[in-house]
Protein chains: 2
Amino acid sequence: MPEFMDVHHNMVGITAEALKEAHNADLAIQDEEKVEFKKAWADPESGVVYCLSEAPSAEAVQRIHERAGHPADEVHAVPLVV
Amino acid sequence: MPEFMDVHHNMVGITAEALKEAHNADLAIQDEEKVEFKKAWADPESGVVYCLSEAPSAEAVQRIHERAGHPADEVHAVPLVV
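This one's a predicted model, so the numbers in the text were calculated from it and none came from an experiment.

Basis of the calculations
- Residues numbered from 1 in each chain as written.
- Chains lettered and ligands numbered in written order.
- Predicted model: local features only at pLDDT ≥ 70, side-chain atom pairs only at ≥ 80, totals over all residues.
- Heavy atoms only, no water.
- Salt bridge = Lys/Arg side-chain N within 4 Å of Asp/Glu carboxyl O.
- Helix = DSSP H or I, 4+ residues; strand = E, 2+ residues; numbered from the N terminus.
- Least-squares fit on C-alpha atoms with pLDDT ≥ 70 in both.
- Contact = heavy atoms within 4.5 Å.
- Buried < 20%, exposed > 50% of the residue type's maximum accessible area, 1.4 Å probe, protein only.
- Buried area = accessible area lost by both parts, 1.4 Å probe.
- Polar contact = N/O pair within 3.5 Å; in protein donor to acceptor, adjacent residues only side chain to side chain.
- Nonpolar A, V, L, I, M, F, W, Y, C, P; charged D, E, K, R; others polar.
- Pairing = 2+ DSSP bridges.

## Quick word on the pattern of salt bridges
Phase 1: In the structure shown here, the tally under the stated rule is eight salt bridges over all chains.
Phase 2: E33(B) serves as the salt-bridge partner of R63(B), at 2.8 Å between the closest nitrogen and oxygen. Highlighted residues: R63(B) in helix α2 (residues 58-67) and E33(B) in the loop between α1 (16-29) and β2 (36-43), separated in sequence by 30 residues.
Phase 3: Through salt bridges with shared partners, a single ionic network connects E3(A), K38(A) and E54(A).

## Section: the relation of the copies chain B and chain A
Phase 1: For the match of chain B to chain A, the screw axis carries a shift of 0.0 Å, the RMSD comes to 0.0 Å, and the turn is 180°. With respect to symmetry, the two chain copies, as superposed, fit the operation of a two-fold axis. Looking at the rotation axis and the C-alpha trace of chain B, the residue lying nearest is Y50(B), at 4.8 Å.
Phase 2: A share of 100% of the interface residues of chain B reappears at the interface of chain A, consistent with the copies meeting face to face through the same patch.

## Let's talk about α2(B)
Residue and element names in this part refer to chain B.
Phase 1: Along α2, the residues classified as buried are A60, V61, Q62, I64 and H65.
Phase 2: Where α2 is buried, its residues touch β1 (3-8), α1, β2, β3 (48-54) and β4 (74-77).
Phase 3: Positioned one or two residues after α2, G69 has a phi angle of 95°, which is positive.

## Some thoughts on the interface of chain B and chain A
Phase 1: Opposite the 28 residues of chain B that make contact, chain A presents 28 residues.
Phase 2: Between chain B and chain A, the buried area comes to about 2,200 Å², and carbon and sulfur atoms account for 73% of it.
Phase 3: When residues of chain B are sorted by the area they lose upon contact with chain A, W41(B), L80(B) and V82(B) head the list and together hold 35% of the total.
Phase 4: Seen at the junction of chain B and chain A, the total is eight residue pairs in polar contact (both at pLDDT 80 or more).
Phase 5: Of all the secondary-structure elements, those providing two or more residues to the side of chain B that touches chain A are β1, α1, β2, β3, β4 and β5 (80-81) of chain B.
Phase 6: Here the side of chain B that touches chain A takes six residues from β2(B), the largest share from any one element.
Phase 7: In terms of residue class, the side of chain B that touches chain A is built from 18 nonpolar, four polar and six charged.

## Brief notes about the pairing of β2(B)
Phase 1: Alignment of strand β5 (residues 80-81) of chain A against β2(B), held across two bridges, turns out to be antiparallel. Each bridged residue has a counterpart across the sheet, and for V81(A) the counterpart in β2(B) is W41(B).
Phase 2: Bridging between β2(B) and β3(B) involves seven bridges; their strand directions are antiparallel. Following the sheet pairing, A42(B) is matched in β3(B) by V49(B).
Phase 3: Hairpin connection from β2(B) to β3(B): four residues lie between these consecutive antiparallel strands, with G47(B) at a positive phi of about 80°.

Have a look at this one:
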């Protein structure tokens with residue numbers, strides 16, 4: 001399954017609890033689109049959040065994020081990994 | 001040690017070999033700044049590359065990338081991870 005990195009901007013001040021809650025909201029419905037959110041990293045100062053996932057498509061990643069209430073600003077397939 | 005995500009734009013068409021070479025160039029000198037590049041993901045289509053590292057500072061990450069010939073466009077501390 002292809003891997004994707006998606007990026008959320010404008011989450012300045014995000015807390016550990018808020019990140020966990022958002023991640024759990026994705027996990028709760030991700031199976032419906034065969035998406036697996038693997039990890040997320042957040043920088044509360046700049047407000048950027050990076051989410052790594054495996055999914056059938058970028059659209060599937062975005063649909064889960066939208067339904068969970070936090071659409072991504074960018075979704076990139078990342079076929080190359082080292 | 002804090003974690004950082006840095007981002008390179010403008011690498012449209014990057015190949016698996018080029019990514020490996022760039023990553024190895026970082027690995028070759030990273031110890032000099034106590035940086036550890038852990039993983040990198042690349043999207044040849046949009047030209048974006050994400051690098052995850054542990055380092056004493058964002059400046060240390062950027063110095064290694066600069067000396068290896070590929071300065072990052074963004075370097076973010078990512079203190080929150082899920």
